[in-house]
Amino acid sequence: MTVTFEVRDGVGTIRLDRPPMNALDVAIQDRLRELAEEATRREDVRSVILYGGEKVFAAGADIKEMQAMDHTAMVLRSKGLQDAFTAVARIPKPVVAAVTGYALGGGCELALCADFRIAADNAKLGQPEILLGLIPGAGGTQRLARLIGPSRAKDLIFTGRMVKAEEALALGLVDRVVPAAEVYEQAHAWAAKLAKGPALALRAAKESIDAGLETDIDTGLTIERTWFSGLFATEDRERGMRSFVEEGPGKATFG
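A quick note: this is a predicted structure, and the numbers were derived from the prediction, not measured. (Residues numbered from 1 in each chain as written. Predicted model: local features only at pLDDT ≥ 70, side-chain atom pairs only at ≥ 80, totals over all residues. Heavy atoms only, no water.)

Participant: Can you break down the sheet that holds strand β5 (residues 102-104) residue by residue, with the values?
Facilitator: Pairing is mixed in the open sheet, where 3 strands are placed in the order β5-β7-β8. Of all the strands in the sheet, just β5 and β8 (162-164) have a single pairing partner and so form its edges. Each strand axis lies, on average, 20° off the axis of its neighbour in the sheet, ignoring direction. Pairing of strand β7 (residues 124-126) with β8, which is carried by 3 bridges, proceeds in the antiparallel orientation. Within β8, the position partnered with Leu 125 by the bridge is Val 163. (Pairing = 2+ DSSP bridges. Helix = DSSP H or I, 4+ residues; strand = E, 2+ residues; numbered from the N terminus. Axes fitted to C-alpha atoms, helices over the stretch in contact; angles between N-to-C directions.)

Right under this line is the structure:
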């Protein structure tokens, strides 16, 4: 398999495994969608890691495969491409990208689908599609601009330049830079900690933030209010508040 899915301690790892550069061909795209949907359904999966291995996250789309496509073929394929990445972005659980080596083009766009990005100190990220006479097609023009702002996104997309890990951190493109040997370990620690949290509240927080960013603030506040009040019907809310009153803050455990 070119993409695998393993679950340990409530953490599901979606692992790209297509040496040498994890080029994202159609088969990988479709498999990503399938695994994102599986991660969404499975109750034993409480958080998710996106990982490409020790050497490279993903160096982009399979250019040879795309070169063979004409306009009609890409019209038919482009929605499937976007749907695969959207399925990852909409996993209603915390998702962290563990980025090693290159995360370019579709690889960068996949990392953008995560809630949090931990990058190796040797990582290089970018959207080089303009150098092929194209633009990002798997969400890059939208998610990158929302994450780092339109001017910074235009700089990266217009020029197609790569940024090293420290610049990516300064831009807000990644959230933490660590030694390359520690990337997966730290990503797992982040995901494992959240896997022990209240699943419905985490889902509510993620959906409130993500949906709120797509609308005006009044609608966003309505989304927040609906989730907030709805959580009062959950066992986790009862457990969390009871623990706070009886034991003090931060001691609650959730099933």
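Participant: Outline empty space enclosed by the protein, supporting the account with residue identities and numerical values.
Facilitator: To locate leftover empty space, one rolls a probe as large as a water molecule over the atoms. With the rule as written, the count across this model stands at 1 cavity of 30 Å³ or more. Empty space within the largest cavity amounts to approximately 60 Å³. Contributing to the lining of the largest cavity are Leu 24, Val 26, Gln 29, Ala 61, Glu 65, Met 66, Met 69, Met 74, Arg 77 and Leu 81. Residue assignment for the lining of the largest cavity shows that the elements contributing at least two residues are α1 (26-41), α2 (63-67) and α3 (71-89). Taken together, the residues of the lining of the largest cavity sort by class into 7 nonpolar, 1 polar and 2 charged. (1 Å grid on protein atoms, 1.4 Å probe; cavity = no way out; pocket = protein on both sides within 12 Å on 5 of 7 lines; lining within 4 Å. Points joined across faces, edges and corners; volume = space filled by probe spheres on them. Nonpolar A, V, L, I, M, F, W, Y, C, P; charged D, E, K, R; others polar.)

Participant: How would you summarise the packing of helix α5 (residues 140-148) against helix α6 (residues 150-159) if you had to cite specific residues and measurements?
Facilitator: In contact at an axis separation of 7 Å, α5 and α6 are set at 135° when each is read in the N-to-C sense. Regarding the angle of α5 to α6, the classification is oblique. Considering the relative orientation of α5 and α6, their crossing is right-handed. Along the contact surface, α5 presents Gly 140, Thr 141, Leu 144, Ala 145 and Ile 148, while α6 presents Pro 150, Arg 152, Ala 153, Leu 156 and Ile 157. Grouping the constituent residues of the contact of α5 with α6 by class yields 7 nonpolar, 2 polar and 1 charged. (Parallel < 35°, antiparallel > 145°, perpendicular 65-115°, else oblique. Left-handed = near helix turned anticlockwise from the far one by under 90°. Contact = heavy atoms within 4.5 Å.)

Participant: Would you mind going over the pattern of salt bridges in detail, with residue names and values included?
Facilitator: Scanning the entire structure with this criterion turns up 15 salt bridges. With a closest N to O distance of 3.9 Å, Asp 9 and Arg 8 form a salt bridge. On the accessibility criterion, Asp 9 (62% relative accessible area) is exposed. Judged by its relative accessible area of 45%, Arg 8 falls in the partly exposed class. Among the ionic pairs, Arg 161 bridges to Asp 155, the shortest N-O distance being 2.8 Å. (Salt bridge = Lys/Arg side-chain N within 4 Å of Asp/Glu carboxyl O. Buried < 20%, exposed > 50% of the residue type's maximum accessible area, 1.4 Å probe, protein only.)

Participant: Report on helix α9 (residues 199-213), specifying residues and quantitative values.
Facilitator: Taking 1.5 Å as the rise per residue, α9 with 15 residues should run 21 Å; its terminal C-alpha atoms sit 21 Å apart, in good agreement. Along α9, the residues classified as buried are Ala 204, Lys 206, Ser 208 and Gly 212. (Expected span 1.5 Å × (residues − 1).)

Participant: Would you mind going over the nonpolar core in detail, with residue names and values included?
Facilitator: Core analysis: the biggest nonpolar cluster contains 47 residues, and Leu 50, Phe 57, Val 99, Leu 125 and Leu 173 have the highest contact counts within it. Top element by residues in this core is α3. It accounts for 6 residues. Judged by nonpolar contacts, the second largest core, of 15 residues, contains Val 11, Val 96, Ala 98 and Ile 118. (Core = buried A, V, L, I, M, F, W, Y, C linked by side-chain atoms within 4.5 Å.)

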